[in-house]
Amino acid sequence: MTYECILTEVRGEGERKTALITLNRPKQLNALSDTLFDELGQALLAFDADEGIGCIVLTGSERAFAAGADIPTLMTYDFQKAVRTDMITRNWETILRVKKPVIAAVAGFALGGGCELAMMCDFIIAADTAKFGQPEIKLGVVPGAGGTQRLPRAVGKSKAMDLLLTARMMDAAEAEAAGLVSRVVPASGLLNEALEAAELINGFSAPAVQLIKELVNRSFEGGLREGVLSERRVFHAMFGTDDQREGMDAFLNKRAPQFRHGKV
Ligand code: CO8
């Protein structure tokens, strides 16, 4: 299967192998487009249905796991289009339906939707070059794919508020200390580390693996649905504000934004 925005391959020798999915929009630092999410969802569901696959590893490039949602695409939305097309909900969260473990192998930037996508994986192995953040506030909006919900659960309220409100990036060491990532390794060894973890898991009983994943997520994500739905509607609503257009236009034109703070 050939895709436009992702690469897929199967690694390993055993009875159950590892699927490797690589986000592949290098010029845009793997910015997350609708096509990318359609393809990612299709690949994830196909590997989940394949009995020869035990685990899935999701990775990006050396420079970026993903630098967030594709900002030019976001600029095409207004509130009505966001609701009408069921923005994000329609195709960005297919990963949550996958029953097999999905390991995120993160090097470079994991920002905005990129950080949210990594947090939707079952655990994150980070390269020492990884940088995590939710910089949506700089664009005049709020996170739209679980950032305000999963980040506090992962790192606690105080650090999450700090990251969400200041837009500062957190390096790999801080992310490991805070519990967002499970291990940090030199960038050159990132993929091997993730594939070895996957291979180890592939050797265990598939039903036990599936049920452990289900049980952890059942408690971790409890109550989250309502939180994410609220977040989604607020994210949609941000496309009715002047500051959203200004924040994104300023980014694309490489200038500082002049926010109006809700004043007309
Ligand atoms: N969308 C589109 N293009 C991007 C994005 C993006 N998010 N990020 C970077 N690019 C492009 C740049 O425009 C640039 O293109 P060009 O070479 O044509 O000018 C190229 O990638 C390289 O970027 P930079 O030159 O800026 O590289 P730097 O190393 O100087 O900076 C940064 C790297 C810090 C990552 C910087 O590019 C940046 O700040 N990017 C934007 C990050 C951001 O704001 N992300 C949040 C987006 S909003 C969001 O994710 C909302 C989530 C909604 C739901 C998501 C569901 C999962």
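Keep in mind it's a predicted model, so treat the numbers as computed, not measured.

What counts as what
- Residues numbered from 1 in each chain as written.
- Predicted model: local features only at pLDDT ≥ 70, side-chain atom pairs only at ≥ 80, totals over all residues.
- Heavy atoms only, no water.
- 1 Å grid on protein atoms, 1.4 Å probe; cavity = no way out; pocket = protein on both sides within 12 Å on 5 of 7 lines; lining within 4 Å.
- Points joined across faces, edges and corners; volume = space filled by probe spheres on them.
- Helix = DSSP H or I, 4+ residues; strand = E, 2+ residues; numbered from the N terminus.
- Nonpolar A, V, L, I, M, F, W, Y, C, P; charged D, E, K, R; others polar.
- Core = buried A, V, L, I, M, F, W, Y, C linked by side-chain atoms within 4.5 Å.
- Buried < 20%, exposed > 50% of the residue type's maximum accessible area, 1.4 Å probe, protein only.
- Contact = heavy atoms within 4.5 Å.

**Student:** Help me out: how do you make sense of the layout of surface pockets in this one?
**Tutor:** Where empty space is left in the structure can be found by rolling a water-sized probe over the atoms. Computed from the structure, the largest pocket encloses a volume of approximately 1300 Å³. Broken down by secondary-structure element, the contributors of at least two residues to the lining of the largest pocket are α4 (113-120), β7 (123-127), α5 (147-155), α9 (206-220) and α10 (224-238). Estimated volume of the second largest pocket: approximately 760 Å³. Elements represented by at least two residues in the lining of the second largest pocket include exactly α2 (71-74), β6 (109-111), α4 and α11 (242-252). Class assignment for the residues of the lining of the second largest pocket results in 22 nonpolar, 6 polar and 5 charged.

**Student:** I tried to follow the nonpolar core on my own but got confused; where do I start?
**Tutor:** Buried together is how nonpolar side chains tend to be arranged in soluble globular proteins. If you look at the biggest cluster of nonpolar residues, it comprises 61 residues, and the most contacted ones within it are L58, F65, F132 and L180. No other element matches helix α1 (residues 34-49), which puts 6 residues into this core. Other than its neighbours up to four places away in sequence, L180 contacts M119, I124, F132, L151, A154, V155, M170 and A175. Among the nonpolar cores identified, the runner-up in size contains 16 residues, and V57, A107, V185 and A197 belong to it.

**Student:** I tried to follow unusual backbone geometry on my own but got confused; where do I start?
**Tutor:** Among all residues except glycine, the phi angle is most often negative; among peptide bonds, the trans geometry is most common. A positive phi angle, close to 55°, is found at D86, a residue other than glycine. Assignment of secondary structure puts D86 in the loop between α3 (79-84) and β5 (102-106). One non-glycine residue with positive phi stands out, namely A167, at about 65°. For A167, the position within the fold is in the loop between α6 (157-166) and β9 (170-171).

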